[in-house]
Amino acid sequence: MVATASIKMDELLATWLGSDTIYENVLRIIESQKESCNNCSGGKHDGVGSGSAGGVGAGGGGVAPTLEDGRPPLSPKVSPKKVQKIEIPPFYKPPRPSSATSSSGGGVDEGGNPQNPPPQPPKRRMSSSFAEDQTWNGDFMSLTNVAAVGEESPKSNEEDSITDNTVTSGATGGNAAANQKRKVCIAQQAKELFLELGIQFNDIADPQIATALQKQYLHNAHDTYHSSQEDLTFIPLERFERITKELCNLPTFFHKPLYERILMLWSTHYHLSINNGDKSSTSSNQQSNLPPVVTYGIFHHYWSMEMAPFDKNERFFRLLKQPEVEFITRDDFFPYIKELLNDHPGLEFLSNHAEFQDKYAVTVITRIFYSVNLCHSGRITSRQIRKSNLLSVFQQVDEEEDINKVTKYFSYEHFYVLYCRFWELDHDRDYKITREDLLKYGEHSLSHMIVDRIFDAAPRPFEGSDAASLDENGNVISKVSRNYLSYEDFIFFMLSEEDKANEFSVRYWFTCVDVDGDDKLNNMEMRSFYAVQLHRMQCMGHEVVPFEDMLCQMMDMIKPANEEFLIVEDFLQPHCSQVAGALFDALFNVNKYVMFEQRDPFLERQKREDEFETDWDRFACIDYNRLAMEEEAREEEAMEADWVTMDGEEEDGDEYNSLGLSGSSEAPF
């Protein structure tokens, strides 16, 4: 009873300190106390600690990558010598005028700060359609212009005359240029780029290419896309970036895979046309006879078939997948990640480390499947692409020079954290994590019971990517060995463990705890996991919380639809986004559960207001700084060991020479 009463008092204290009114009053008392102390001391305490803070990270130069221990090189963007302490922005907002009160619902105090505001409505998926006509010849451009004119606000005659005079005088303002560009059809835009970047037929230096173009395309009655020599103008691969970016609205580093896809689809279309649609007559020898260049006519064919009928997401999906299937596999991403590694300035330092380039590509692709392929089938569908932000993240990484600022999928620092954690556990270096290895994760924070469930029942990233892994109903049949975790499996585990607020993580741990597989968590299942936690807390000397008290506290936070059991949808409610992982930590992660019980409400409020979007981003930033400092310490120790060895050799040499036994006085280096 004493332990239960103390727990209830702690909960009441946390609730009391979590109140905004009490919190603001405490801050005012602290600020007034600081002001009185500063007035009494005359400002003597100003700058205290600045010396130590300034000394952190002092020193110059980056750290040379050390690959002897199997770790990837550190990102050159953040040198361990210059790692600064993360400054969390102040989470207290000063009182606003009473007129600036919130109108979105929920109570507000007299200062205008919201008190327990209602949850935000779910964000609508942004449309990926185009405002401009995307047909090749601008078939609907006249209708678009009429609609645009009808939507314009009425202007006076004087404004109309000024606008007409401005356009007539040849001014090229931003709005006028944009309007003028919208009036140009895709065919005209492509022709201008082909004339600017391409090689015209009369300027072709290689006579074999000129002869092949004229024979295969211009004099072919079945080819309707090359009717004149202007259609034979082609752009080489190295100049295709502007077409990819400006006309196709795709990332710049997509230019090589896009170029190859255009040629592949054109080859299929060409041989089907000359063989009257007979696919059996198409041979690889015939396909190889075509010139390996994209002409204006070939691009016309690709645009008409793969671009004009579809929106941005569907174009992106059709480009990545293979033409004969309706899903994307992990192998489909490799050509694009390879081009990113060759093109992005933030990954240039990896150019001499092919092994870590491959591991980085695997990490990026696995993280994409983790967030996009929520059914863990190993196959990304068009619908999943539309529901995700994958295309916008690809666009962001194309425009952002600092790869670490793209925390979604592509951050090198996140890859470094994932790979180093895997490397630390994989002691025998066979790229396989056993049950004994995983028990050491997080300073032995996981119970043996959940580790067994991770190996037996946790979702694996690419189990359903092979056709042999699916039954006749499309259900996943595990063909992967469950005796170990591969690097891809470990990525799924670590992302789920360090961020339990996302949907896939909830489903990951729900599957592990749902022992009987009925999609319900009942008291018996949770009690069996918590019994192991109770024993561990007793052995570690922590205060023991009875199962009934823990369950009552979690039910109050989650508010399930049925108090007899929990389902996945209970954890995915809007108010459960930050507390969904608390129950899972209570069941199998003793360290995080103890931290949850001893949490500071002030620090929790700070964490909600910091710069990180997710718990994973926060963890990865902190852990990368830790790993960087450890790398720095290892290098300093190695440097000191080299100096000690060198000094010892010099002393031995002097003693050897003093005895007259030295055959040579030359230095060994």
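It should be emphasised that the depicted structure is a prediction, and the values quoted were computed from it without experimental measurement.

What about the overall build of the protein?
For step 1, the next point in the chain: Counting secondary structure elements, the protein contains 29 helices and six strands.
For step 2, the next point in the chain: A buried classification covers 41% of the 669 residues belonging to the protein.
For step 3, the next point in the chain: Across the protein, every contact between residues at least 6 apart in sequence was considered, and the portion connecting residues at least 24 apart equals 69%.
For step 4, the next point in the chain: Total accessible area on the protein stands at roughly 37100 Å², and carbon and sulfur atoms take up 52% of it.

Things to note about the pattern of salt bridges
For step 1, the next point in the chain: Under the definition given, this model contains 25 salt bridges.
For step 2, the next point in the chain: A salt bridge links Arg435 to Asp452; the nearest nitrogen and oxygen atoms lie 3.1 Å apart. One end of the pair, Arg435, is in helix α19 (residues 435-438); the other, Asp452, is in helix α20 (residues 448-457), with 17 residues separating them in the sequence.
For step 3, the next point in the chain: The exposure class of Arg435 is partly exposed, given its relative accessible area of 25%.

Some thoughts on the packing of aromatic side chains
Any two aromatic rings considered together are summarised by their centre-to-centre distance and by the angle between their planes.
For step 1, the next point in the chain: If you walk through the whole model with that rule in mind, you get 49 aromatic pairs.
For step 2, the next point in the chain: Aromatic pair Tyr225 and Trp266: ring centres 6.1 Å apart, planes at 80°, arrangement edge-to-face. Of this pair, Tyr225 sits in the loop between α8 (207-218) and β3 (234-235) while Trp266 sits in helix α10 (residues 255-274); the two residues are 41 residues apart in sequence, bridging distant segments of the chain. Like Tyr225, the residue Trp266 is buried in the burial classification.
For step 3, the next point in the chain: Cation over ring: Arg379 sits above Phe327, and NZ or CZ is 4.3 Å from the ring centre.
For step 4, the next point in the chain: Of note, Lys432 hangs over the ring of Tyr484, and the distance from its end group to the ring centre comes to 4.5 Å.

Concerning the nonpolar core
For step 1, the next point in the chain: Of all hydrophobic cores here, the largest spans 143 residues; its most connected members are Phe299 and Phe410.
For step 2, the next point in the chain: The contacts of Phe410, once residues within four sequence positions are left out, are Ile337, Leu340, Tyr360, Val364, Arg367, Val393, Phe394, Val397 and Ile403.

Notes on the confidence of the model for the protein
For step 1, the next point in the chain: Of all residues in the protein, 69% have pLDDT values of 70 or greater, and the mean over the chain is 78.
For step 2, the next point in the chain: When the criterion is pLDDT under 50, residues 78-126 qualifies, and its contacts beyond four places in sequence or with other chains add up to 76 contacts.
For step 3, the next point in the chain: Of the regions scoring below 50 in pLDDT, residues 146-181 engages in four contacts with residues more than four places distant in sequence or in other chains.

Considerations on the side chain of Asn589
For step 1, the next point in the chain: As for its placement among the helices and strands, Asn589 is situated in the loop between α26 (580-588) and α27 (590-597).
For step 2, the next point in the chain: Reaching out from Asn589, the side chain makes a polar contact with the backbone nitrogen of Asn591 at a distance of 3.4 Å.
For step 3, the next point in the chain: Within polar-contact distance, the side chain of Asn589 engages the backbone nitrogen of Lys592 at 3.1 Å.
For step 4, the next point in the chain: With residues up to four places along the chain from it excluded, the contact list for Asn589 reads Ser445, Leu446, Glu497, Gln533 and Phe584.

So, a negative patch on the surface
For step 1, the next point in the chain: A cluster of like negative charges, contributed by Asp516, Asp518, Asp519 and Glu569, occupies part of the molecular surface.
For step 2, the next point in the chain: Its place among the elements puts Glu569 in helix α25 (residues 568-571).
For step 3, the next point in the chain: Taking the relative accessible area as the measure of exposure, Glu569 reaches 48% and is therefore partly exposed.

Notes on the packing of α20 against helix α22 (residues 503-513)
For step 1, the next point in the chain: Their axes nearest at 9 Å, the elements α20 and α22 cross at an angle of 105°. For the element pair α20 / α22, the angle class is roughly perpendicular. In this structure, α20 contributes Ile450, Arg453, Ile454 and Ala457 to the contact, and α22 contributes Tyr508, Trp509, Thr511, Cys512 and Val513.
For step 2, the next point in the chain: Across the contact of α20 with α22, the residue classes tally to seven nonpolar, one polar and one charged.

Overview of the packing of helix α15 (residues 354-372) against helix α21 (residues 487-498)
For step 1, the next point in the chain: Contact geometry of α15 with α21 gives a least axis separation of 10 Å together with a crossing angle of 50°. As the angle between them shows, α15 and α21 are arranged oblique. Here the hand of the crossing between α15 and α21 comes out right-handed. Between α15 and α21, the residues in contact are Lys359, Val362, Thr363, Thr366, Arg367, Phe369 and Tyr370 and Tyr487, Glu488, Ile491, Phe492, Leu495 and Ser496, respectively.
For step 2, the next point in the chain: Split into classes, the residues belonging to the contact of α15 with α21 amount to seven nonpolar, three polar and three charged.

Comments concerning the environment of His427
For step 1, the next point in the chain: Relative to the helices and strands, His427 resides in the loop between α18 (412-425) and α19.
For step 2, the next point in the chain: In this structure, the C-alpha to C-alpha distance between His427 and Asp437, residues 10 residues apart in sequence, is 8.0 Å.
For step 3, the next point in the chain: Setting aside chain neighbours within four positions, we find His427 in contact with Asp437 and Lys440.

Focus on helix α23 (residues 523-540)
For step 1, the next point in the chain: The first and last C-alpha atoms of α23 sit 25 Å apart over 18 residues, in line with the 26 Å expected at 1.5 Å per residue.
For step 2, the next point in the chain: Within α23, burial applies to Glu525, Met526, Phe529, Tyr530, Val532, Gln533, Arg536 and Met537.
For step 3, the next point in the chain: Here α23 starts with a cap whose side-chain oxygen sits 3.2 Å from the backbone nitrogen of Met524, and that cap is Asn522.
For step 4, the next point in the chain: Gly541 sits one or two residues past α23 and shows a positive phi near 80°.

Structural notes on the side chain of Asn404
For step 1, the next point in the chain: In this structure, Asn404 sits in the loop between α17 (390-399) and α18.
For step 2, the next point in the chain: A relative accessible area of 9% places Asn404 in the buried class.

The rules we used
Residues numbered from 1 in each chain as written. Predicted model: local features only at pLDDT ≥ 70, side-chain atom pairs only at ≥ 80, totals over all residues. Heavy atoms only, no water. Helix = DSSP H or I, 4+ residues; strand = E, 2+ residues; numbered from the N terminus. Buried < 20%, exposed > 50% of the residue type's maximum accessible area, 1.4 Å probe, protein only. Contact = heavy atoms within 4.5 Å. Areas by Shrake-Rupley, 256 points an atom, 1.4 Å probe, with all protein chains shown as cover. Salt bridge = Lys/Arg side-chain N within 4 Å of Asp/Glu carboxyl O. Phe/Tyr/Trp six-rings, centres within 6.5 Å; stacked < 30°, edge-to-face > 60°. Lys NZ or Arg CZ within 6 Å of the ring centre and 35° of its normal. Core = buried A, V, L, I, M, F, W, Y, C linked by side-chain atoms within 4.5 Å. pLDDT = per-residue confidence, 0-100. Polar contact = N/O pair within 3.5 Å; in protein donor to acceptor, adjacent residues only side chain to side chain. Patch = residues over 30% accessible without salt bridge, like charges linked within 9 Å, V, L, I, M, F, W, Y side chains within 5 Å. Lys, Arg positive; Asp, Glu negative; His and termini not counted. Charge placed at Lys NZ, Arg CZ, Asp CG, Glu CD. Axes fitted to C-alpha atoms, helices over the stretch in contact; angles between N-to-C directions. Parallel < 35°, antiparallel > 145°, perpendicular 65-115°, else oblique. Nonpolar A, V, L, I, M, F, W, Y, C, P; charged D, E, K, R; others polar. Left-handed = near helix turned anticlockwise from the far one by under 90°. Expected span 1.5 Å × (residues − 1).

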